[in-house]
Amino acid sequence: MAKITCDVVKDLLPLYVDDVLSGDSRALVEEHLKTCDECADLCKNLKGDDNFALTKNENDKAAIKKIKKKIQTKRIVTALVSALCIAVIAFGTYYGLHIKESYIPFDESGLRVNGDSLQTDRDFYASYGRYTPDGKTCFIYMTTTAYKTMWGEDRLTTIEDLSDEGRGIKIDSDDDGITDSVLVNSEIYYVSEEYAKQMSHGKLDFRTDEDIEMIKQNSVLVWSAE
Ligand SMILES: [Zn+2]
């Protein structure tokens, strides 16, 4: 089949679009349109409502832009939420393993008097103590963490020095900055979980002798000077 030039096709296109070309001419134009982008575009423009096509195209573009933006926003939110979740889980795990303290009952404390020291060879997180106002009685308890309970390495630790130098608490009786007297505490008690809780909240009451006696009754005598 003979080839025709772009100029010829351009002349024929309006007729082609209006569908009034004869079979052969029509076939020629169609053959050309397949291989020539320029004429194909021209044909498309002649065929469609240009304005409609443009509007539709712009609408599509806007819609695609909107969707892209939505996807991007979703991605950022997902990333932030994921990061936050990881942070919360990491902190929660760390807190649960290393920071959250739990009370060690006396039976599990491993506490014993060894020479002039009150010692334990169990791994623990912290030991807490509070003296009565007269300095004679010390109430203590120990705490542990999940990590130390599971993977702690037991080692000998001194909780209290019970020697004459160690067990005294120094009282500056006339506020001159010089230690005038030394009171020697006479006993150490390991408090129950309930009193340990009160102690950790600063709520342990030493107002009356009865208060102190009550705490003693709910505690284990660990050491006494007598
Ligand atoms: Zn052409």
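Just so it is clear, the structure is predicted and the values come from calculations on it, not from any experiment. Residues take numbers from 1 onward in each chain, read along the sequence in its written order. The model is predicted, so local features are restricted to residues of pLDDT at least 70 and side-chain atom pairs to those at 80 or more, both for listing and for counting; the totals for chains, interfaces and linings are taken over all residues.

Q: How should I be thinking about the overall build of the chain in this particular structure?
A: Per the secondary structure count, the chain includes eight helices and ten strands. Within the chain, the proportion of its 226 residues that are buried is 18%. By definition, residues are in contact whenever their C-beta atoms, placed on the basis of the backbone, come within 7 Å of each other. If you take every contact in the chain between residues at least 6 apart in sequence, the share linking residues at least 24 apart comes to 67%. Put simply, DSSP marks the helices as runs of H or I at least four residues long and the strands as runs of E at least two long, and each gets a number from the N terminus on. Exposed residues have 12 or fewer other C-beta atoms within 10 Å of their own C-beta, buried residues have 20 or more, and residues in between are partly exposed; the C-beta atoms are placed from the backbone.

Q: When you look at the environment of Asp 107 in this model, what are you seeing that I'm missing?
A: If you trace the backbone, Asp 107 turns up in helix H5 (residues 106–109). Residue classification places Asp 107 among the exposed positions, given that 9 C-beta atoms sit within 10 Å.

Q: Please clarify how the pairing of strand S4 (residues 126–131) should be interpreted in this entry.
A: Looking down a regular strand, the side chains alternate between one sheet face and the other. As paired strands, S4 and strand S5 (residues 137–144) are joined by six bridges and run antiparallel to one another. The residue of S5 that forms the bridge with Tyr 128 is Tyr 141. What sits between S4 and S5 in their antiparallel hairpin is a turn of five residues, with Gly 135 showing a positive phi close to 75°. Two strands make a pair as long as DSSP finds a minimum of two bridges between them.

Q: Honestly, the sheet that holds strand S2 (residues 112–114) in this entry has me stumped. Any pointers?
A: Strand-to-strand pairing in sheets goes through backbone hydrogen bonds, with the strands running parallel or antiparallel. Strand order in the open sheet formed by three strands is S2-S3-S6, with antiparallel pairing between adjacent strands. The two strands at the open ends of the sheet, each matched to only one other strand, are S2 and strand S6 (157–161). When the angles between neighbouring strand axes are averaged without regard to direction, this sheet yields 40°. Pairing between S2 and strand S3 (residues 117–120): three bridges, direction antiparallel. Note on S3: the bridge partner recorded for Val 113 is Leu 118. Whenever a helix is involved, its axis is fitted only over the stretch in contact; in every case the axis is a line through C-alpha atoms, and angles between N-to-C directions fall within 0 to 180 degrees.

Q: What am I meant to see in unusual backbone geometry here?
A: Excluding glycine, a negative phi dihedral is what most residues carry, and trans is how most peptide bonds are arranged. Its identity is not glycine, yet Asp 19 carries a phi of approximately 65°, on the positive side. Within the secondary structure, Asp 19 sits in the loop between helix H1 (6–17) and helix H2 (23–35).

Q: Before we go on, may I ask you to explain the packing of H1 against H2 in this structure?
A: Packed helix pairs are characterised by how far apart their axes lie and by the angle those axes make with each other. Two elements in contact, H1 and H2, have axes whose closest approach is 10 Å; the angle formed by their N-to-C orientations is 115°. Relative to H2, the crossing made by H1 is left-handed. Taking contact as the criterion, the partners of Val 9, Leu 12 and Tyr 16 in H1 are, on H2, Ser 25, Arg 26, Val 29 and His 32. For any pair of crossing helices, the crossing counts as left-handed if the nearer helix is rotated counterclockwise from the farther one by less than a right angle, and right-handed if it is rotated clockwise.

Q: Which parts of the structure should I look at to understand the environment of Ser 163?
A: Relative to the assigned elements, Ser 163 resides in the loop between S6 and strand S7 (168–171). Along the backbone, Ser 163 and Ser 117 are 46 residues apart, and their C-alpha atoms lie at a distance of 7.2 Å.

Q: Which parts of the structure should I look at to understand the nonpolar core?
A: Proteins that are soluble and globular tend to have nonpolar side chains buried together. For our purposes the nonpolar core covers buried Ala, Val, Leu, Ile, Met, Phe, Trp, Tyr and Cys residues that link as a set through C-beta atoms within 7 Å. Core analysis: the largest hydrophobic core is formed by 22 residues, its most contacted members being Leu 118, Ile 140, Ile 188, Tyr 190, Val 191 and Val 222. Secondary-structure elements contributing two or more residues to this core are S5, strand S9 (187–191), helix H7 (193–200), helix H8 (209–217) and strand S10 (219–224). Per-element tally for this core: the top contributor is S5, with five residues. Ignoring anything within four residues of it in the chain, the contact list for Ile 188 reads Leu 118, Cys 138, Ile 140, Glu 160, Val 222 and Trp 223. Counting residues in hydrophobic clusters, the runner-up holds seven residues, among them Leu 13, Tyr 16, Val 29 and Cys 43.

Q: I tried to follow the packing of H1 against helix H3 (residues 37–47) on my own but got confused; where do I start?
A: Across the interface, H1 lies against H3 with an axial gap of 10 Å and an inter-helix angle of 25°. The orientation of H1 relative to H3 falls into the category roughly parallel. Seen from above, H1 lies across H3 with right-handed handedness. Residues Cys 6, Val 9, Lys 10, Leu 13, Pro 14 and Val 17 of H1 lie in contact with H3, whose contacting residues are Glu 38, Cys 39, Leu 42, Cys 43, Leu 46 and Lys 47. A per-class count over the contact of H1 with H3 returns nine nonpolar, no polar and three charged. Each angle receives one of four descriptions, namely roughly parallel if under 35 degrees, roughly antiparallel if over 145, roughly perpendicular if within 65 to 115, and oblique otherwise. Polarity classes work like this: nonpolar for Ala, Val, Leu, Ile, Met, Phe, Trp, Tyr, Cys and Pro, charged for Asp, Glu, Lys and Arg, and polar for all others, with Gly in that last group.

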